[in-house]
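Take a look at the letters that make up each chain.
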Amino acid sequence: MGKYLAKYDVRGIQTFVFRTNKLKEIRAVSDLPERIIKDAAIYALKKLEINKKIEWLDTAGGNAVAVFDSKEEFEAVSTTMAFYVLKETYSLKLVYACIELDENKAFSVQYEELNEKLGKLKSEMPEPAHTGAFPICRQDYLTGFPIAKIKRDKETVFLTRESVIKLKEHEKKKADPDVYLELDDMVLEKGVDSHLAVIHIDGNNMGNRINDIIRKKAHFDKENKDDSFKTIKSTFKSITVAKEFKKVCQEVNEIVDKYRKEILEENNAPLIYSVIAAGDDITYVTRANIALPFTKLFLKKISEHNMYSDSEDHDTYGINACAGIAFIKSHFPFSDAYDLAEKCCTSAKKRAKSEGFADKENKDNPYGNWIDFEICTHIKNTELETSREKYGNTTDTEGNDALLHLRPYCVSTGNKSNEFFEYDKFEKRVCELDKNFNEQSGTYNRSRAKTLRQVYTEGKASVRTFEKSAESRGYKLKDKLFEKDETTGKTYALYYDATDIMDLIDHKFMDYVNKIIDGGGDSDEQV
């Protein structure tokens, strides 16, 4: 046949992008995952004087699949591409593998062999690293990398090679109106409320589901002498994960921008900023008080889309995702905030895939949309699992062991899920605790809500005393303070998360989002 199938993967992208506390450096290379491989290929073809284009089957999020006419061509192009990636980024490594295609063998089997070959290369390759500073060199305090340049302007700035590269990219993008934004520019009010949120969203099981589509749909057209790859190309083209996430990003960005201009009547800094969008891997920075409703909106919107455009079977090809949110102050190190958001997302995925939460009846698409979040008041909070194990336990009114955190929560999309962890129930508890948005008699005011948060942490005796005091004054909550979930077999403090987050939710925006979700529009009449 004389055709070679190649697959590429760029290692270390997330670390490279977020290995700095300067937002402008992060923004400067935020589009890197989407362009690095194609940029490298263009450089390689020009360098090698090859007068044809590479036949790409797929390029998204730092990964790519291509077809070459010969192994020699693949090796020459790929080696030059790897040099370009290292030269342009200083840190990243391009991993690649290829196999010779055999038309007498199922394409899906060969594609799986290629994945295994690439996976083996990645596992055997050491983590991307470069020479550290020599004893005579000044080191960067954050990365430990040697200082490569000293910039003297209003103040002296010591730059690593990575920072120099990022700042060059920053200079190229000065036409972007948001290019000079820093975290302090996005806060609600400096000195009063400087909270922001870093949101990390990631599709559920996308890699395996894409491979499953290729296994079922991609095959050689042996009767088509002109192009035996026709069906294979069509299959890859029909896998639209990256496109669907991009559509939703654009849609929710427009909704929030309209809310900012027409409802809040603000025309300065945006409420949200898309830091990175690579396939199904999305990171936003937002004003803290819109983060949870915004994430709910994103997950609801993405769940309306299919990942395979040749089928309308939503049960099989519908998209779902999980999200993690780190609530921070604007001066908090961004790289640590991103790390915490990513850990929250991992926590959400863990519950989504746990026994009793995945939809066993839908083997093709069993996972729902889940959200987890953490308020980061101290650098130690970034150790999410350790922090929750150490500080997330209490006792209920009977003295039984209980957990403070009910989160992660499921953003229901109509599929079967555990109602105990429904996000909408959590949202209602937040509203219930906030008297400004629930004027019925006998509701909790802010002071009592914060007292409830404290007594939850103290356990049995304090909770009992609080409960009796509240009842004597006519203050009642719709749900019990503690309840046992039958799926996990654990008892949870139902209102703790709500007391934790109640000051970081804009009820006006929450109402705006819910009316869009319920009614499918975003007109001013909804507010």
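As the structure is a computational prediction, the values presented were derived from the model and not from experiment.

Looking now at the confidence of the model for the chain. Scored by pLDDT, the chain has a mean of 84; 86% of the residues are at 70 or more. Mean pLDDT across the elements of the chain ranges from a minimum in strand 5 (residues 147-152), with 76, to a maximum in helix 10 (residues 291-302), with 96. Every residue in residues 523-527 is under pLDDT 50, and counting partners more than four places away or in other chains gives twelve contacts.

Looking along a regular strand, one sees the side chains alternate between the two faces of the sheet. A large share of strand 11 (residues 369-375) lies buried, amounting to seven of its seven residues. Here strand 11 shows a buried face lined by Asn 369, Ile 371, Phe 373 and Ile 375 and a second buried face lined by Trp 370, Asp 372 and Glu 374. Where strand 10 (residues 321-329) meets strand 11, six bridges bridge the pair, whose relative direction is parallel. Residue pairing across strands places Ala 326 opposite Glu 374, the latter belonging to strand 11. In this sheet, strand 14 (residues 409-411) lies alongside strand 11 in antiparallel orientation, the contact comprising three bridges. Across the sheet, residue Ile 371 finds its bridge partner in strand 14, namely Tyr 409.

The next thing to look at is the nonpolar core. Core analysis: the biggest nonpolar cluster contains 99 residues, and Leu 5, Phe 107, Leu 292, Phe 298, Phe 327 and Ile 501 have the highest contact counts within it. Ranked by residues supplied to this core, first place goes to helix 9 (residues 241-263) with nine residues. Contacts of Leu 5, omitting those with residues within four sequence positions, involve Leu 57, Val 65, Ala 66, Val 67, Ala 97, Cys 98, Ile 99, Leu 101, Phe 107, Tyr 111 and Leu 114. Core analysis: the second largest hydrophobic core is formed by 48 residues, Val 17, Ala 64, Val 275 and Phe 334 among them.

What follows covers the sheet that holds strand 1 (residues 4-11). Spatial ordering of the open sheet is given by 2-3-1-4, a layout of four strands whose pairing is antiparallel. Each edge of the open sheet carries a strand with a single partner, namely strand 2 (55-60) and strand 4 (93-100). Within this sheet the neighbouring strands show an average axis-to-axis angle of 15°, counted without direction.

With that settled, the discussion passes to the pattern of salt bridges. Within this structure, the stated rule accounts for 31 salt bridges. The salt bridge partner of Arg 388 is Glu 374, with a shortest N-O separation of 2.9 Å. One end of the pair, Arg 388, is in helix 13 (residues 384-391); the other, Glu 374, is in strand 11, with 14 residues separating them in the sequence. With a relative accessible area of 15%, Arg 388 lands in the buried category. Connected through shared salt-bridge partners, Asp 372, Glu 374, Arg 388, Arg 407, Arg 453, Asp 497 and Asp 500 make up one network.

Now for the packing of helix 4 (residues 71-89) against helix 6 (residues 161-172). In the contact formed by helix 4 and helix 6, the axes pass within 8 Å of each other and the chain directions differ by 90°. On the basis of the axis angle, helix 4 is roughly perpendicular to helix 6. Residues Lys 87, Glu 88 and Thr 89 of helix 4 lie in contact with helix 6, whose contacting residues are Arg 161, Glu 162 and Ile 165. Within the contact of helix 4 with helix 6, the residues separate by chemical class into one nonpolar, one polar and four charged.

An order of 8-9-7-10-11-14 is seen for the six strands of this open sheet, with the pairing classed as mixed. Every interior strand has two partners, whereas the edge strands, strand 8 (272-278) and strand 14, have only one. Across the sheet, the axes of successive neighbouring strands diverge by a mean angle of 20°, strand direction being ignored. Helix 10 rests against strand 7 (195-203), strand 8, strand 9 (281-287), strand 10, strand 11 and strand 14 of the sheet, and its axis sits at about 165° to strand 10.

In this section: helix 10. In a regular helix each residue adds 1.5 Å, so twelve residues correspond to 16 Å; helix 10 covers 16 Å between its end C-alpha atoms and thus fits that length. Within helix 10, twelve of the twelve residues are buried, which leaves the element mostly enclosed by the surrounding structure. All of the buried residues in helix 10 are Ala 291, Leu 292, Pro 293, Phe 294, Thr 295, Lys 296, Leu 297, Phe 298, Leu 299, Lys 300, Lys 301 and Ile 302.

On to the environment of Thr 231. Take Thr 231: it is sitting in helix 8 (residues 230-238). Each C-alpha atom of the pair Thr 231 and Ala 218 lies 6.1 Å from the other, and the pair is 13 residues apart in sequence. Not counting residues up to four positions away in its chain, the partners in contact with Thr 231 are Lys 217, His 219 and Asp 221. In terms of polar contacts, Thr 231 uses its side chain to reach the side chain of Asp 221, at 2.7 Å.

Thresholds, definitions, all that
Residues numbered from 1 in each chain as written. Predicted model: local features only at pLDDT ≥ 70, side-chain atom pairs only at ≥ 80, totals over all residues. Heavy atoms only, no water. pLDDT = per-residue confidence, 0-100. Helix = DSSP H or I, 4+ residues; strand = E, 2+ residues; numbered from the N terminus. Contact = heavy atoms within 4.5 Å. Buried < 20%, exposed > 50% of the residue type's maximum accessible area, 1.4 Å probe, protein only. Pairing = 2+ DSSP bridges. Core = buried A, V, L, I, M, F, W, Y, C linked by side-chain atoms within 4.5 Å. Axes fitted to C-alpha atoms, helices over the stretch in contact; angles between N-to-C directions. Salt bridge = Lys/Arg side-chain N within 4 Å of Asp/Glu carboxyl O. Parallel < 35°, antiparallel > 145°, perpendicular 65-115°, else oblique. Nonpolar A, V, L, I, M, F, W, Y, C, P; charged D, E, K, R; others polar. Expected span 1.5 Å × (residues − 1). Polar contact = N/O pair within 3.5 Å; in protein donor to acceptor, adjacent residues only side chain to side chain.

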